[in-house]
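Coordinates in review
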Amino acid sequence: MDNLFNRKYTVQGLFLIVCLILVGKLFYMQIVSDKYFLLSNSNVLRKIYTFPARGVIFDRKGRVLVQNEPVYDLMVIPNQVKEFDTLDLCNTIGIDTAGFRKRFHKAVVQSRYQPSTFEKQLSVQTYAALQEKLSNFPGFLVQGRTVRHYPDSVAGQFFGYVKEVSPKDIEDSEGYYRPGDYIGKSGVEKQYNDILRGERGVKNMLYDARNVPQGSYQEGKFDTLARSGEKVVSSLDMEIQKLGEQLMQNKVGSIVAIEPATGEVLAFVSSPGYDPNRMVGRQQGNNYMDIFGQANRPFLVRPISGYYSPGSSFKPLDALIGLQEGVITPDMTFNCPGGYWAGNHFVRCEHVDGTISLRRGLARSCNTYACYVFQKLMTQTRFKNQKLAYDEWESKVRKFGIGQKLDIDMPYERKGILFTSDEYTKRFGKYWRYTTVISLAIGQGEMSATPLQMANIMAIIANKGYYIKPHLIKSIGDKKIIKKDYVQKNYVDIDAAHFEPVIDGMQDAVNSPWGTANASRIPNVLMCGKTGTVQNPHGKNHSVFIGFAPRDNPKIAIAVVVENAGYGGAYAAPIASYLTEKYLTGNISGGRMAQVEWMKKQSVLPEVPKPKIKLAPKTTDSVAKEAAPTAADPKKNTAANHLKSGETTK
Amino acid sequence: MSNTQSNRFFFNVDWITVLIYMALCTIGFVNIYASIYNPEKSDLFNFGSNYGKQLIYIILGLILGLSILLLDAKFFSVFSPIVYGLTLLLLLAVLVIGRKVAGNQAWIAIGSFRLQPSELAKFGTALLLSRYVATFNPKFKDFKSIMFAGLIVGLPLLFIMLQPDTGSALVFLSFMFPLYREGLSGYFLVIFLGLIVLFIAHFLLPLYITIPAIILVGCFFIYQNKRKQKMMFSITIATILAICYLFMVKLIYNKVLEPHQRTRIEIMLGLKTDPKGAGYNVNQSMIAIGSGQALGRGFLLGTQTKYGYVPAQSTDFIFSTIGEEWGFAGCTVVIGLYVFLLLRVINLAERQRSTFSRVYGYCVASIIFFHVFINIGMTIGIIPVIGIPLPFISYGGSSLWSFTVLLFIFLKLDSNRMGFI
Ligand SMILES: [Zn+2]
């Protein structure tokens, strides 16, 4: 048997080898690979998210502008779905069976064991109908969340809209966002997204093999509660915002109103706008495409990204800089023979006023006066050459915010246009002089400003020399935090005393019979302002008005631009006057109410034929009478046009 | 029995083996407790629960084992034909009156007690085979003795196949080892292993790869033995037989095996991935074991175990609990204990004077080995799902007692190794 005894080792060896194979495989599974560890966690661990409500936005008087409305997402856990009446579910949530299959397949691809969204944002009604039957649909569950609701449907572009995060947002957020989260995509929602969004809550739940929850993971050590976004108080006044939007119906343009003392934006109208409620809910995508395709680009935020030549509304700055530099005094007069010769071309006035001083020059919007002041500024002897004089002038103008971003708390602000002397040298060669750029004196040429910048200039004049950065959000959270930037005064380096004569002129522009905007005088309120008519290379001139009121201790500075609406006195000035009156007195005095209603109905969209505008003065007697003096303005526009074309040809 | 006799008797018992036995039973109890642990009802000595029952089974098993030690060693040899005949009868009876459990007609219910004759058949066969070898001392060089041994093993195997209980039937292949030890040609072992390898290859590779591969291997051996004509002839025959075998497997597989068995095999070989279907058990078991990592998630902390992800976890898949809660360390300890036990039993077998005891020892080691290999192999996905328990560890009285009896009969024989049986 001895020879067979050795077979013991063969048998034992075989046992050993086989057991080593087992250990080898175990070594691979338990030590080398972490695949099984991860699989086991995904088996039992489910993260249940609760979505926070975004912060509510109030207007300056505490009225709710943006609130939240509950919606319900239908979720599905594919591996829990058992046979059920598919058709019933489809009918309840309003989809067809093909749509059902598509959604279900998508969910299966995402995860078999984790809930994925089946249908988003069911309305309360659908949810109620579904809730009763939910037990018939094993594997389906409903997750509540909130979406935005705008009770007054105002200020669409101001708020911007909120949307589910895109894959790119998720990538950019470096892990903060998950599919299904919401993010502000424009306007205040974008600018203040981090404050408004709140914090998502998460519950780490353990599930057993039958998918019955078995309590929280590690006694909820890693769980968090959802935290709503911070409350935000906006600077808007809901009433004048609403009125502004109504007045701008069927018109293209902007309104910006600022409280001079604080820089708070009271009204922020961009027309055409859209109902912000359309950018919420299941139709968001379709509505977006619809609004996107409409005429005149409703998504364009004109108050901060629309460029307009300031035109005559720039003239107060001429006077202010002239006074500060000492080249003119309030009483200094020039002769207006109906125009100004700049070298070999003529800047025409719409009047022949003869001797004209600062106050009357502004009230009458005298181009000649403005050109003389500009000439004096450019030819000061203290500068070695006119280029240096221009540099000084440009820096002063820039202080008023033209060609500069004002850092408003809204995305996509543009800075406008103001040339440096170098840029002129590049354009005109070495030998340009003040006559070459004389159109700057009357706010034309290489100068563009946004409506926000125009309103801010009015705030500066109202404050007699400084402004606070305009902003849309007054305070944040329960503690009413105000950003430091928004209490700091930015001085424009013009002595307060120099503002008085300029304000006098602007007062006359509205309140004297010879003023260009006297049709827009507000009973019992002394509004100071300046009309402007801005040449538009693409069509009819734009109507511009800037102003502030009341004269003493001003409460509102305003800029109104109505595109293609002709002279400033026709549309922009009355609209500004209605808003100002409404804001200051709380209502609109007697006879003017009819004008407001008339104005709301006016359509000056680019397609609309001109005669409609000419009908304007006929609707009420008072308007007809008062409108007469302003009739001179349209011709002034053409003069400006001629000037412009004359310049470019020479 | 006098005092001195009794002292001598206890002195002779291999207590190391008993210790390993008790260690494995304890590990079994702890992990059964973990796999049916419920935080709301965590009474360690709840005898209504399965771990409570297992505790009773273990105690009764120990008593059973100790009483076997008190029997006369000659008893087993003498009564082996009767035990064998009795098990055959029971196997026949189970075919007639057996209860269906999980598709198999494996159980006979006697009151509340359920008897699984296939468990008894293992040591009945082991006893008779040992008796046969001890009595006739065949060297398995002639056809007659091989046939006779084959008959002893084959009869119960056939009946068990008819139940059908493939798992238990497979275990009967373990008698190959004692026969090999007693003289059966090594070729049988090689052929046996070759058949298994070919069987698996058949599923993994298409015929147009396997057949040329077999021919290539054949040619290689012919080239190696080109001087020996006789060898060349046998190799050619072997090659042809191997190819025939492949076709036969294909035929049996497609015509004879039931669909669920087919899917099980296919999933094990990675041909089908269907985590929720027949592969679900294995998949979850592998997740449990793999997630244990080096040191395990800790006692009662395995999430796969606690939350019932692994079906049949206290019985056939008990190893997944060990893997998850005790990690690689725990697995290695358990496998190490088995290896130690197997090698120990073989060593003990070799020190027997009586052929009966030696053959029986080999039978015990081989049966335990097959169970361990198939069971653990199944839980880690290298063997198809074959429902056989892990010796001493899996939940269940029937399985625990039959292994206890199997092992303790050998310990009794060993304690008596100086005497002649
Ligand atoms: Zn003039």
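Residues numbered from 1 in each chain as written. Chains lettered and ligands numbered in written order. Predicted model: local features only at pLDDT ≥ 70, side-chain atom pairs only at ≥ 80, totals over all residues. Heavy atoms only, no water.

In the nomenclature of an unreviewed UniProt entry, chain B corresponds to Cell wall polymerase from the organism Pedobacter nutrimenti. According to its UniProt record, chain B has this under Subcellular location (unreviewed entry): "Membrane". (UniProt positions renumbered as here; feature names shortened; annotations may be inferred.)

If you look chain A up in an unreviewed UniProt entry, it shows as Penicillin-binding protein 2 from Pedobacter nutrimenti.

Overview of the sheet that holds strand β9 (residues 213-216) of chain A
All names here are of chain A. Strand order in the open sheet formed by three strands is β1-β8-β9, with antiparallel pairing between adjacent strands. A strand with exactly one partner marks an edge of an open sheet, and here the two such strands are β1 (45-50) and β9. Averaged over all pairs of adjacent strands, the angle between their axes in this sheet comes to 35 degrees, without regard to strand direction. Relative to strand β8 (residues 201-207), β1 runs antiparallel, the two being bridged by six bridges. Counted as the bridge partner of Leu45 is Leu206 from β8. Those strands touched by helix α3 (residues 35-44) are β1 and β8, and its axis lies near 50 degrees from that of β1. (Pairing = 2+ DSSP bridges. Helix = DSSP H or I, 4+ residues; strand = E, 2+ residues; numbered from the N terminus. Axes fitted to C-alpha atoms, helices over the stretch in contact; angles between N-to-C directions. Contact = heavy atoms within 4.5 Å.)

Observations concerning the environment of Pro523 of chain A
All names here are of chain A. You can see Pro523 is positioned in the loop between α20 (499-511) and β22 (528-534). In this structure Pro523 comes out as partly exposed when scored by relative accessible area, which is 35%. Every residue in contact with Pro523, bar those within four places of it in the chain, is listed here: Glu581, Ser589 and Arg592. (Buried < 20%, exposed > 50% of the residue type's maximum accessible area, 1.4 Å probe, protein only.)

Section: the coordination of the zinc ion
Residues and elements named next belong to chain A. Taken together, Cys336 (SG), Cys349 (SG), His351 (NE2) and Cys366 (SG) make up the protein donors of the zinc ion, found 2.2 to 2.4 Å from the metal. Around the zinc ion, the four donor atoms are arranged such that angles at the metal cover 102 to 117 degrees; this shape is classified as tetrahedral. Summarised as a motif, the one-chain spacing of the donors to the zinc ion is C-x12-C-x1-H-x14-C. Residue Cys349 is located in the loop between β15 (345-348) and β16 (354-356), and its partner Cys366 is located in the loop between α15 (358-364) and α16 (367-378); the two are separated by 17 residues in the primary sequence. (Donors = N, O, S within 2.8 Å, 3.2 Å for Na, K, Ca; no water. Tetrahedral: all angles 85-135°; square planar, octahedral: opposite > 155°, others 65-115°.)

Some words on the confidence of the model for chain A
Residue and element names in this part refer to chain A. Overall, the prediction assigns chain A a mean pLDDT of 80, with 92% of residues at 70 or greater. Within chain A, helix α24 (residues 621-627) has the poorest average pLDDT of any element, 34, and helix α2 (residues 7-32) the best, 91. Predicted confidence for residues 608-650 stays below pLDDT 50, and this span has 58 contacts to residues more than four positions away or in other chains. (pLDDT = per-residue confidence, 0-100.)

Let's talk about the sheet that holds strand β24 (residues 556-562) of chain A
Residue and element names in this part refer to chain A. In space, the five strands of this open sheet follow the order β12-β11-β24-β23-β22, with antiparallel pairing throughout. At either end of the open sheet lies a strand with only one pairing partner, and these are β12 (264-271) and β22. If you compare each strand with its neighbour and ignore which way they point, the axes differ by 5 degrees on average. Two strands pair when backbone bridges link them, and strand β23 (residues 542-549) and β24 are joined in this way by seven bridges, in the antiparallel orientation. Across the sheet, the residue bridging to Gly547 is Ile558, located in β24. Relative to the sheet, helix α11 (residues 238-247) contacts β11 (253-259), β12 and β24, its axis offset from that of β12 by approximately 20 degrees.

Some thoughts on unusual backbone geometry
Residue and element names in this part refer to chain A. Between Ser271 and Pro272 the backbone carries a cis peptide bond, its omega angle lying at 0 degrees. Look at the link from Ala549 to Pro550: it is a cis peptide, with omega at -15 degrees. Along the chain, Pro550 falls in the loop between β23 and β24. One non-glycine residue, Asp493, adopts positive backbone phi at about 60 degrees. Structurally, the position occupied by Asp493 is in the loop between β21 (489-491) and α20. Assessed through its relative accessible area of 43%, Asp493 is described here as partly exposed.

Some words on a nonpolar patch on the surface
The grouping of Leu71, Phe75, Val78, Phe79 and Ile82 of chain B at the surface amounts to a nonpolar patch, some 420 Å² of accessible area in total. Relative to the helices and strands, Val78 of chain B is located in helix α4 (residues 74-97). (Patch = residues over 30% accessible without salt bridge, like charges linked within 9 Å, V, L, I, M, F, W, Y side chains within 5 Å. Areas by Shrake-Rupley, 256 points an atom, 1.4 Å probe, with all protein chains shown as cover. Salt bridge = Lys/Arg side-chain N within 4 Å of Asp/Glu carboxyl O.)

Structural notes on helix α16 (residues 355-379) of chain B
All names here are of chain B. When the terminal C-alpha atoms of α16 are compared, their 36 Å separation across 25 residues agrees well with the 36 Å that a helix rising 1.5 Å per residue should span. The buried fraction of α16 amounts to 24 of the 25 residues, a majority that puts the element mostly inside the structure. The distance from a side-chain oxygen at the start of α16 to the backbone nitrogen of Phe356 is 3.4 Å, and the residue carrying that oxygen is Ser354. Gly381 occupies a position one or two residues after α16 and carries a positive phi of about 75 degrees. (Expected span 1.5 Å × (residues − 1). Polar contact = N/O pair within 3.5 Å; in protein donor to acceptor, adjacent residues only side chain to side chain.)

Regarding empty space enclosed by the protein
The gaps left among the atoms become clear once a water-sized probe is rolled over them. All names here are of chain A. Counted by the stated rule, this structure contains five cavities of 30 Å³ or more. Roughly 150 Å³ of internal volume is contained in the largest cavity. Taken together, Phe51, Pro52, Arg54, Arg145, Thr146, Tyr176, Tyr177, Asp181, Tyr182, Arg197, Gly198 and Arg200 form the lining of the largest cavity. Looking at the lining of the largest cavity residue by residue, the classes come out as five nonpolar, two polar and five charged. (1 Å grid on protein atoms, 1.4 Å probe; cavity = no way out; pocket = protein on both sides within 12 Å on 5 of 7 lines; lining within 4 Å. Points joined across faces, edges and corners; volume = space filled by probe spheres on them. Nonpolar A, V, L, I, M, F, W, Y, C, P; charged D, E, K, R; others polar.)

Here's the deal with the interface of chain B and chain A
The interface of chain B with chain A comprises 50 residues on the first partner and 38 residues on the second. Interface of chain B and chain A: buried area, both sides summed, is about 4100 Å²; carbon and sulfur atoms make up 71% of it. Three residues, Tyr307, Tyr309 and Phe328 of chain B, lead the burial of chain B against chain A; their summed loss comes to 17% of the area buried on that side. At the junction of chain B with chain A, the criterion picks out zero salt bridges. Summed over the shared surface of chain B and chain A, the number is twelve residue pairs in polar contact (both at pLDDT 80 or more). When contributions to the side of chain B that touches chain A are tallied by element, the ones reaching two or more residues are α8 (176-181), α13 (280-291), α14 (303-306), α15 (318-350) and α16 of chain B. (Buried area = accessible area lost by both parts, 1.4 Å probe.)

Examining the packing of helix α14 (residues 315-325) of chain A against α16 of chain A
All names here are of chain A. Viewed as axis vectors pointing N to C, α14 and α16 meet at an angle of 40 degrees, and their least axial separation amounts to 10 Å. As α14 runs across α16, the sense of the crossing is left-handed. Between α14, through Lys315, Asp318, Ile321, Gly322 and Glu325, and α16, the contact on the second element is made entirely by Asn367, Ala370, Val373 and Leu377. In terms of residue class, the contact of α14 with α16 is built from four nonpolar, two polar and three charged. (Left-handed = near helix turned anticlockwise from the far one by under 90°.)

A few points about the environment of Asn344 of chain A
Along the chain, Asn344 of chain A turns up in the loop between β14 (339-342) and β15. Considering only alpha carbons, one finds Asn344 of chain A and Thr435 of chain A, 91 residues apart in sequence, at a separation of 8.8 Å.

Digging into the pairing of β24 of chain A
Residue and element names in this part refer to chain A. The buried fraction of β24 amounts to seven of the seven residues, a majority that puts the element mostly inside the structure. With six bridges joining them, β11 and β24 adopt antiparallel strand pairing. Across the sheet, the residue bridging to Ile258 is Ala557, located in β24. With antiparallel pairing between neighbouring strands as the criterion, β23 and β24 make up a hairpin whose turn holds six residues, including Asn553 at a positive phi of roughly 55 degrees.

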